[in-house]
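Listed below are the residues making up each chain.
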Amino acid sequence: MAAETQTDDSVDDFEFEEHRPVLMGVAYRMLGRVADAEDVVQDTWLRWSQADRTDVRRPRAYLVRVTTRLALDRLRQVQARRESYVGPWLPEPLVTDFGPTVPDTAEQAVLADSVSLAVLVVLESLSPLERAVFVLREAFGLPFAEIAATLERGESAVRQLATRARKHVDERRPRFDVDPAQQRDLTERFLAAATGGDLDGLMELLAPDVRLVGDSGGRSKAPLRVIESADKVGRFMRGAAAKGEGVAFEFRIAEINGVLGLLAYAEGKPDAVFQLGISEGKIQHIYIVRNPDKLRSLL
């Protein structure tokens, strides 16, 4: 009997691990934090390991349903905490190949878009149900009937939620180019100009109405308000470089939330993440994450 139990447990583990990337993808897009997503997936595993699955014919659908419901509960809790967050709030950066899932090649562009920092920021303004519908429909292509069953809502109501969410995201999402070669070129030039205190070089790269959003949660130095205009952003970056003189920074270019960005390390520890939103050959947005709690996954 002991051998049979061990075999059954091994099968359960294998089946769950097969779907873990998708479950992490759902939970991360719902919550915007790796730690919260991992907690939700772990809770899903506990439900899975303890459930009577006699009638479960589609394990993936079952697990996505459990994960979504747990993520909804967690999202309602964390939204209350974010109301008292110090300064702008950005999602926790995630180093990716093209997103925190393992799709086939044809889905990569869609998945990268749905996990980008710009989109995740917009998703913060949706209601929890709208966000769940958007994630399940737009990122994972689930049929409306399955989403309705997951959320325990009528299919017509889910379609209305999907329409509202899609319209809201389309209206508020910044439009960035994602050509990897251009992204790398401008990222490298931005790094050289910023670390060198080259204001003229920065001004050549920045769009006139560029916006810089910094997230420190009050835990480290970062602007507590959005900075707008090329002149103000350029001067801020030059000033930040001057204040950082004497610190041994190491910079790495990596794919972050589906788009190339910069990882900054100080004395071997993650210090900041930079990501540039580029359109028409100019930097339109700069996202900077310096909250230490959001950099732990980079260790």
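What counts, and at which threshold
- Residues numbered from 1 in each chain as written.
- Predicted model: local features only at pLDDT ≥ 70, side-chain atom pairs only at ≥ 80, totals over all residues.
- Heavy atoms only, no water.
- Axes fitted to C-alpha atoms, helices over the stretch in contact; angles between N-to-C directions.
- Helix = DSSP H or I, 4+ residues; strand = E, 2+ residues; numbered from the N terminus.
- Left-handed = near helix turned anticlockwise from the far one by under 90°.
- Contact = heavy atoms within 4.5 Å.
- Nonpolar A, V, L, I, M, F, W, Y, C, P; charged D, E, K, R; others polar.
- Buried < 20%, exposed > 50% of the residue type's maximum accessible area, 1.4 Å probe, protein only.
- Salt bridge = Lys/Arg side-chain N within 4 Å of Asp/Glu carboxyl O.
- Core = buried A, V, L, I, M, F, W, Y, C linked by side-chain atoms within 4.5 Å.
- Phe/Tyr/Trp six-rings, centres within 6.5 Å; stacked < 30°, edge-to-face > 60°.
- Lys NZ or Arg CZ within 6 Å of the ring centre and 35° of its normal.
- Pairing = 2+ DSSP bridges.
- Polar contact = N/O pair within 3.5 Å; in protein donor to acceptor, adjacent residues only side chain to side chain.
- pLDDT = per-residue confidence, 0-100.

**Looking at the packing of helix α6 (residues 128-139) against helix α7 (residues 144-151)**
It is at 10 Å that the axes of α6 and α7 come closest, and there the two elements cross at 140°. As α6 runs across α7, the sense of the crossing is right-handed. Within the contact between the two elements, α6 uses L129, A132, V133, L136 and R137 and α7 uses F144, I147, T150 and L151. Among the residues forming the contact of α6 with α7, the class breakdown is 7 nonpolar, 1 polar and 1 charged.

**Let's talk about α7**
Summarising burial for α7: 6 of the 8 residues are buried, a large majority. Burial in α7 covers these residues: F144, E146, I147, A148, T150 and L151. Residues of α7 that are buried sit in contact with α3 (59-82), α6 and α8 (155-172). Where α7 ends, the next residue or the one after it, E152, has phi of about 55°, a positive value.

**So, the pattern of salt bridges**
Counted according to the given criterion, the structure contains 24 salt bridges. Here E17 ties to R20 by a salt bridge, and the two come within 2.9 Å at their closest N and O atoms. Of this pair, E17 and R20 are both found in helix α1 (residues 2-31), 3 residues apart, which corresponds to roughly one turn of the helix. Judged by relative accessible area, R20 falls into the partly exposed class, the value being 26%. In this structure, R33 and E92 form a salt bridge, with 3.6 Å as the shortest nitrogen-oxygen distance. Residue R33 is found in the loop between α1 and α2 (34-50), and its partner E92 is found in the loop between α3 and α4 (108-114); the two are separated by 59 residues along the sequence.

**Some words on the nonpolar core**
Ranked by size, the top nonpolar core spans 48 residues in total, and within it M30 and L123 carry the most contacts. Going through the elements one at a time, α1, α2, α3, α5 (117-123), α6, α7 and α8 are the ones with two or more residues in this core. Broken down by element, this core gets its largest block of residues, 9 residues, from α1. Once you skip the residues sitting within four places of it in the chain, L123 turns out to touch R29, R131, F134, V135 and V169. Residues F190, L206, M237 and I278 belong to the second largest nonpolar core, which totals 23 residues.

**A few points about the packing of aromatic side chains**
One pass over the structure, following the stated rule, counts 3 aromatic pairs. Both rings, one in W48 and one in Y62, keep their centres 5.9 Å apart while their planes meet at 55°; by these two values the pair is tilted. Placement of the pair is W48 in helix α2 and Y62 in helix α3, with a sequence separation of 14 residues. A residue is classified by how much of its surface remains accessible, and W48, at 1% relative accessible area, is buried. If you follow R137 out to its NZ or CZ, it ends over the ring of F144, 4.1 Å from the centre. One residue, R252, lies across the ring of Y265, its end atom 4.2 Å from the ring centre.

**Side note on unusual backbone geometry**
Despite not being glycine, E152 has its phi angle at roughly 55°, a positive value. A positive phi is found at S229, a non-glycine position, where the angle reads about 95°. Mapped onto the elements, S229 comes out in the loop between β2 (227-228) and α11 (230-243).

**Here's the deal with the pairing of strand β5 (residues 269-279)**
In terms of residue burial, β5 counts as a mostly covered element, since 10 of its 11 residues are buried. Examined bridge by bridge, strand β4 (residues 259-266) and β5 share 6 bridges and lie antiparallel to one another. What sits directly across from Y265, in β5, is P270. Between β4 and β5, which pair antiparallel in sequence order, lie 2 residues; one of them, E267, sits at a positive phi of approximately 55°. As paired elements, β5 and strand β6 (residues 282-289) share 7 bridges and run antiparallel to each other. Paired with V273 across the two strands is V289, which belongs to β6. Counting the residues in the hairpin turn of β5 and β6 gives 2 residues, including E280, whose phi is positive at 55°.

**Section: the environment of R290**
Mapped onto the elements, R290 comes out in the segment after β6. Taking the C-alpha atoms as reference, R290 lies 8.7 Å from P270; in sequence the two are 20 residues apart. Of note is the side chain of R290, whose polar atom sits 2.9 Å from the side chain of D271.

**Concerning the confidence of the model for the protein chain**
Low-pLDDT portions of the prediction should not be read for the details of their coordinates. With 89% of its residues at a pLDDT of 70 or more, the protein chain has an overall mean of 87. The spread of mean pLDDT over the elements of the protein chain runs between α4, the lowest at 56, and β2, the highest at 97. Between residues 1-7, whose pLDDT stays under 50, and residues either more than four places distant or in other chains, the model counts 0 contacts. Every residue in residues 98-110 scores below 50 in pLDDT, and together they form 24 contacts with partners more than four places removed in sequence or on other chains.

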